[in-house]
Structures are given as structure tokens and as C-alpha cells.
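Next come the chains, spelled out residue by residue.
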Amino acid sequence: MICSIIVRNKGSFRHIAAFGLLILLIANILETYGKDFFHVNTMQLLQFDRFGFLFNSIALGATLIYVLLTGKEIEKSGKYAAEYFTLIFFVLCGIFILSAYDNLLMLFLGIEIMSIPLYILTGSDKRNLKSNEAALKYFLMGAFSTGLMLMGIALMYGGTGTFQLEVQRISVGMYKGVSFLEITGLLFLMVAMAFKVSAAPFHFWTPDVYDGAPAVFTSFMATIVKAAAFVAFIKLCDVRMTATLGAIDWKLLFALIIVFTLLIGNITAVFQQSVKRMLAYSSIAQAGFMLFALFNVNDVAKEGLLLYTAAYSLATIGIFAILVKMKDYTFEGYNGLAKTQPVLAATNTVFLLSLAGIPLTAGFFAKYYMLAAVVKTGSYIWLVVVGVLFAAVSVYYYFRVIQAMYFRNGNAATETITFSFKTGLIILAAIIILIGILPQVLLNWFYF
Amino acid sequence: MTVMQHVWIVLGVLFVLLNIGAGLIWVERRMLALWQDRLGPNRAGPLGILIVLADTLKLFFKEDWVPPFADKWVFIIAPAIVVASVLMSFVVIPFAPGIVVADLNVGLLFFLAMSSIGVYSIVLGGWASNNKYALLGALRGASQMIAYEVFMGLSLMGVVMMTGSFKLTDIVEAQRDMWFFIKQPIGLVIFFIAGIAETHRLPFDIPEAESELIAGYHAEYSGMKFGMFFIGEYLGITLISAMTATIFFGGWLGPEFLPGWVWFFTKTFAFILFFILLRASLPRPRYDQLMEYGWKILLPLVLANVMITGAVLLWLKG
Amino acid sequence: MTASEIIFWFLSVLALFSAIMVLISRNPVHSVLWLIVVFFAISGHYILLNAQFLAIVNLIVYAGAIMVLFLFVIMLMNLNTETEPQRNTWLKVIGVISGGLLLTVMVSAARSAGELSNKTALIGAGDIGLIQNLGKVLFNQYVVPFEITSVLFLSAMVGAVVIGKKD
């Protein structure tokens, strides 16, 4: 498994990259059903389970679509196209580690392998001051959160004497085997992870970075990478935080974070003038919804997270693919797109509806599962109400784009659109609607 | 060993080293004169040997001046660092069986750590002087020493792999049958080149380069502070020579008719002379040539050396 | 107090004092110098814990290489107090308050945790820090993270080349 990732890192150009992704995807799906290609003894540091494999498949599929749709833009965004693809593969390597880690050391390595190429990709537009600023900000904040994470891991090691995720607990002291050091470490770790998934109040880097980075890379960062951070987070919650519930009320903490994230993401998104910046804030808001999965980790939450990953990633990749073709990133730039490019406008509408969580699109079931996971706990029903309210708010700013495309007069300038690009978008929109009607298509894999 | 014995070893080593450092002033100038067909110092004392005393006295009585534009504390600390770090390195060197200040089991790494600390004296001295020539010297010194430190560390790894220990006494003992310079010729050559660069002696004295940078990083220094840089350089030569003798030429080992420490000092002295001979005969390369030589030739070579040594060791083990 | 306790307290005070000096020094070069002192103090702690390899590597890598490069860059940038941007007073106040709150919570939590009282680190005991044992652990149990770290470095290297090359 790991070997194949490393070997594939040499993928150079668009087609090779796409081909490599395809092979990886096939290998991954086969491996999900128990066919081993390589057997690496990882000393219980990595543990590949069904959930991780399925997530890998989704991540790979999304990346494949991403490369097919926007590969040309990646090549255009700088002189070192081959290196950009390589960096994307490195990020994927980090994501695979994150979906399978069973040891805090691996968590750290995975997060780092995922983050470092991203700093570079953010700053890949070297002549653009905004891109440089974004890269520097991202790097400094990211380095700081890494420091916190290491501190947290060190404290947790001090508290439990192991890096392993599962801990044999011996009862010492007053906290039923949960050490004070472990709690503090977990708190630090939570802050660092919240930073990576851009949950409030650690979201300040997100708008600037997503806005400054070249749009192609933003779409990668906002979707697949973010989802991977969530998967790492959910594993952490699943094992460590549930085990320490007796000592600290994680639920209340998460409830506060969720409300804050939804509030800041949605309200700020309403006031944005640029679609790209609006999407950055909306990604904070979507992170708020994904946090529902962490609130109470159960099977529904895990299914929901997978579904959410798929729905959100596909839709966002589609929106960004259209965005990079636009000449003007403001709402005015979309005026009258329906007349000049009907296919683009129609597919964009599907993606936006999915993000807003309208029924018949993938986003609806994704949000439904998330909220259902909380309802299952019985308490904290107010949180569900808050979630629904903010989902309603989000409809407003997503519809602003649709309104601009269909009901405003204007001449939306785009770059030349090829036929294959249009076909790709239509297929993507079809997948989203398919998942929206039959979510079991995806979820059945979970129970194979 | 009693506490007093330790104290005597420490004091003895310190005494011998400082005298060697001072005595090298005379040795170097006489030898240079000999090789370059000149007279050299010949007035004070027999063969001019009292030049050592005269020079030292002169340094002590010069005005100890701190330029008003300099960063005072850093300016003062910088020369102390070089002497301190080099003297610290001698802690791990076994002069003879049983005569070693501290036989650490990470001895070799300790030596590398101390030699990397030595960079600070150049960097800080050059920066604190607030003088552009000094700053240029400091920058060159920093990049040169950082680069060559890498090769120095890697060149020793072959020996470490063969011995299986970082302890210097173990390394010496492992050479009872055959000195390591036969098994590790590339390691020896690269270590010595890196050693010259680390002590920034000619031909690699780019940080000071009189003809380009006046005196480089110590352009603003005078009196005993300059003296510290001066003695630090000679101690550095002694250190690299002693390390070469220990690691590659069997340290105190030698035919039985002479005691160990005599063998050790003979070997060390031979390398010191070689250092001086290099100064007498080789021109200075350009700065970029030095860096290119390091990264493009020495690094691949030394990595190949490590790899081949490891492979051969594994192969011999079966 | 035993000798190692005295050394422990000395090193701790030194480390904390220098860490504070790193923050409050006006001159960035002085900050770097204090940071080097911090590394030395930490290395001293490692030696107290009988982790010699870690101590020495800490010196070689951090004090010996990374900090020199820091100095290198700072010297080239020629930073001084005049070019330092003015910070918002409110931000400072808020920062101090939130930092102070965090400190208070941590300290009070640590004080109330019964498990920590009457416990000191094992000093000079344990041999996992010795170079031989460390090597065995690193290349047996932890060989996977060790290898994966090389992927991390490779990615960082590719990134550095991409960023560093002229456009």
C-alpha cells in the first residue's frame, strides 16, 4: 500500500498523473476487498480499516476528477507543472497516512506530509503578492499549530506512556485512569486539529489563504485536504476523547465550537463581494457541519462524514473548476452567465444547491446524516436547531450566485470552454444528483 | 581513579594545549620561512624561539579596544566562543591509555557538536563589529563551515560503522590490527579537507582573506580579543590533527619501545606540519568554487563512501 | 539537595530566563543568541535524563546548524528597532489577558492533579537514551515512521526547490 504511493510520486504531467490516480484508485478498491499487493509490517503504527479505505477511495476519486477537470489550469499556474503534480501526490500520501494512523507519531507525520506541500502550492503564484502573503501566513500559522500539536502529543505521552491510540488504562489517582497530562495534551491536539480543519475560533487564516492561493489549489485545499483532516480528527475523537469523557466534557466544548464556526462562517459569507472569498467563508461554515460528526462519534456520524466528504468535495471542485474559467471573481462577474454559457450555469446551480443542502442533491443527505448523528444522542437538540437555522442562512448566499447567473443582465466573460470540460461538469453534476437520490450507493460499501 | 587524578589530567591537558597553541606561532613562521626560502624570526632567543613570548606580551599590553559602533556584549563574547569550543572538543580525545578527560560514549558526536558551535565566534564576531568587510567574512565563514560540517560528520561514519561505537577509545582499540586510513582512504581525505575548512586555514581561509576582506571577521579586533581568535585557530589545527591521528592513524598505538603519548604527539605533530605545508604551497580558491567543490564533489563522494562501507560490512557479515 | 537537583534547578532557571529573554530582546540577533542558550539548557536536561544522544544531536542540529542559518538570514535582513512595525495596544492587552488566563488554568490544573505531587523524573537512570538502544528501537519498532519521515523531507525539498527557483 505505502510502497505504491511512494513509487507513484514521480507522476509528472497531467495524463501521467491522472493515470497514476486511476491505478491507485483501482488498487485501493481492490485492497478494500482484501487483496493485498504489498504487505508491510507496520508494527501497529498504521491500521487499514474499511472506513479508511473507503475514505481513500473517495479522496482518490475526487482527486482524479479534480485533475481531469482542472489539470490544464494547474499547468498554467506556474512554470513547474510537474512539481505541482508531485506535491499533490505528496499530499495524497499524507492523506493515506491520516486515514490509517493508529499511533500519534503517524498522525503527526501525516499532518506534516499533508501540510508542507500545501504551503508551497499556496505560494506557487510567485508574482502575485496576495499569493505570497497567503503562503507566508499559512506557513507561520501552520507551523505554530504544529508546535501545539507536538506539545500535545508529548503531554499525552507523558500521561499515558504510549503513542498508541488505544491505551490500556490503569487506574491511578482521582480521574479513573485519565491523567491530567493526557487531558491537557488532548486539548492542545484539539486546538491544532481545529486549526487544520479551520474551525472557529482558529479559522482566521482560512479566508486569506483560500483567497490568495491560485484558485485551482484552493479547490484542492478546501475539499480533499480538509476532509482528510476531519478523518484524522474523527479517529482521535473516536478513541481518545470518548475514553476521557469522564474527565472533561468534550461535548459541550464541541457544541460551542460548532456554533461559533457556523455563526462566523455563515454570517461573514453573506457580506462577501467576491465569489472566491464567499466560498472560503462557506467552507468554514461547511466545516461547522462536518464537526457534527465529531460531536458524537457513531456509525451514522462516520457514514455521514463519508457522504459529506463526497458531496462537499465534488460540489466544491465543480464550483472552483468553473470559477477558474471566469475572468472576474466577483458576483458581478457571474451576471448573465446562463445566457452565454448555459451548461456551466446549469451545472454550477446543481453544485451550489448541493452545498446548500437542497433535497435531491448529495448535500441534503450529507447534512441529514450529520444532524441525525446528533439527534441520536438524545440531548443537545438545540444544536440541531442551530444547524438547521444556519443551513437556511447559507441558502441565501449560494442563491446570490444563482440569481446573478440567471436573473441579472450582463456579459459574463469566460475563457474558452472546451467540449470535454463541459462533459466533465455534466458527469460530476450527475454523480451529485445520483448520490442525492440514492445515498446508499456510496454507503453500502461501508458494510461490505 | 581518584578525583585528584582527574584534576591533574584536566590541568595537564590544558597546560600542554595552550603551550602547543602558543608554540605553533614560532613553528609556523619558521617552517614557512624554510619552505619559502626565507629567514623567518631569528632575533629573540635561540632560533628566534622567544618570538612566542614577545608576541604574547605584545598582545597582552595592547589597548583592549571595543569600537563604539559595535554591539558590545556580542563583540566580547565572540572570541571566547572559539577557544572554549575547541578546548571542549579536546575533552574526548584519548592522549594515551587512561589519559582522557571524559570518555563519552558519544565522543565523536560531541566533537562534531563542539566544532559546529565554533561557527558562532566567526558569525557573531563579524556581525558585532558592524563593519561590512567583517560581515562579509562572517557570512562566508558561516556558509563554509555549515557546509563542510556535513561532510566532516559523514566522512567519519564509515569508521563508526566499522567500529560500532562513537567512543574514541573504542575507535583507537579497533585499529590494533590495521589503522583505519587503509580501510577508509576516502574518509580520511574528506575529513582532512573538511577539517581545513572548519579551521578556516589556508587554502580555505576565505572568511579572513587578507587580500579581499582586509582581515574579514576579525578586522575590528585588537589586543587579547584578537589573541583569542589567533590562539583559537592554532588550537583548531591541533584539534583536527589530533582527531586525524586518533581516528585514522591509530591514536596512541604504535611499536612498544615508546610510550603511547609519544606516538600520539608525534602523529599529531606530523599533521600540524602538513597543515603548515598546505599554507606554504596552495593558493586560495574563490568562494563559489569552494562551495561548488563541497556540494558537487565531496557530498556525493562521501555518501557513496558511507553506502559502500555499509554494503561491504553487511556482505562480510553474510 | 543532591548535586543533580542543583543542576536541574540551575538548568531550569537558565532555560526559562533565556526563553523570556528571547521574547523581550529588542534586537533579533540577541533573541537568537538567547535561543541558543535555551538549547544548551535543554541539552543539559537531556544529559540529566541519561539521553546523551538526544543531547548531542540537539546541539549539533539546533544550536549548531539551524540557529546559524537563522543568524545568517537575520544578519542579511538588517532588522533593527526602527523598522519594527508598531503593534496595536489593544491587541497587546488582549494577548496578555488571554495568555495569562491560559497560564492560570494550566497551573491550577497542574496543582490540583494529585498524580504529579511527590514525583520527580528519574535522573541518570534508564538506558533508552543511550545511542545503541536508541538505534535498536528506531530501526525495529519505529522503522515505519522513520522511513516515512524521509517522504516528508523529500516533499519539503521539492517544495523548497519550487519556491527557491527563479521564475
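Refer to the preceding data block for the structure.
Rules used throughout
- Residues numbered from 1 in each chain as written.
- Chains lettered and ligands numbered in written order.
- Predicted model: local features only at pLDDT ≥ 70, side-chain atom pairs only at ≥ 80, totals over all residues.
- Helix = DSSP H or I, 4+ residues; strand = E, 2+ residues; numbered from the N terminus.
- Contact = placed C-beta atoms within 7 Å.
- Expected span 1.5 Å × (residues − 1).
- Buried ≥ 20, exposed ≤ 12 C-beta atoms within 10 Å, placed from the backbone.
- Bend = angle between axes of the 7 residues up to and from the residue.
- Axes fitted to C-alpha atoms, helices over the stretch in contact; angles between N-to-C directions.
- Parallel < 35°, antiparallel > 145°, perpendicular 65-115°, else oblique.
- Left-handed = near helix turned anticlockwise from the far one by under 90°.
- Nonpolar A, V, L, I, M, F, W, Y, C, P; charged D, E, K, R; others polar.
- Core = buried A, V, L, I, M, F, W, Y, C linked by C-beta atoms within 7 Å.

A.B. asks: Can you break down the overall build of chain A residue by residue, with the values?
C.D. replies: Helix and strand content of chain A: 18 helices and zero strands. Pairs at least 24 apart in sequence give 81% of the contacts found in chain A among residues at least 6 apart.

A.B. asks: Which residues make up helix 11 (residues 275-295) of chain A, and what are the values?
C.D. replies: For helix 11 of chain A, spanning 21 residues, the distance from its first C-alpha to its last is 30 Å, which sits close to the expected 30 Å at 1.5 Å a residue. Extensive coverage of helix 11 of chain A is indicated by the burial of 20 of its 21 residues.

A.B. asks: Could you give an account of helix 13 (residues 287-317) of chain B, with specific residues and numbers?
C.D. replies: Residues and elements named next belong to chain B. Helix length check: helix 13 (31 residues) gives 44 Å between terminal C-alpha atoms against 45 Å at 1.5 Å per residue, within 8%. Maximal helix bending in helix 13 amounts to about 35 degrees, located at Leu298; proline Pro300 follows within four positions. The complete set of buried residues in helix 13 reads Leu290, Gly294, Leu298, Val302, Asn305 and Thr309. Among the structural elements, helix 6 (132-163) and helix 9 (185-198) are those in contact with the buried residues of helix 13. Downstream of helix 13 by a residue or two, Gly318 has a phi angle that is positive, lying close to 90 degrees.

A.B. asks: Lay out the packing of helix 6 of chain B against helix 3 (residues 52-77) of chain C in plain terms, naming residues and giving numbers.
C.D. replies: Taken N-terminus to C-terminus, the directions of helix 6 of chain B and helix 3 of chain C make an angle of 150 degrees; their axes are 11 Å apart at the nearest point. One finds that helix 6 of chain B runs roughly antiparallel with respect to helix 3 of chain C. As helix 6 of chain B runs across helix 3 of chain C, the sense of the crossing is left-handed. Contacts from B:Leu135, B:Leu139, B:Ala142 and B:Ile146 of helix 6 of chain B reach helix 3 of chain C at C:Ala65, C:Val68, C:Phe72 and C:Met75. Within the contact of helix 6 of chain B with helix 3 of chain C, the residues separate by chemical class into eight nonpolar, no polar and no charged.

A.B. asks: Account for the nonpolar core, with residues named and values stated.
C.D. replies: Within the largest apolar cluster, 167 residues are counted, with the highest numbers of intra-cluster contacts made by A:Ala228, A:Ala232, A:Leu291, A:Phe292, A:Ala311, A:Leu314 and A:Ile432. Counting residues in hydrophobic clusters, the runner-up holds 103 residues, among them B:Phe111, B:Ala134, B:Val172 and C:Leu33.

A.B. asks: Now, about the interface of chain B and chain C: what can you tell me, with residues and values included?
C.D. replies: Each partner contributes to the interface: chain B provides 17 residues, whereas chain C provides 15 residues. Among the secondary structure elements, those contributing two or more residues to the side of chain B that touches chain C are helix 4 (107-117), helix 5 (119-128) and helix 6 of chain B. At six residues, helix 4 of chain B tops the list of elements feeding residues into the side of chain B that touches chain C. Taken together, the residues of the side of chain B that touches chain C sort by class into 15 nonpolar, two polar and no charged.

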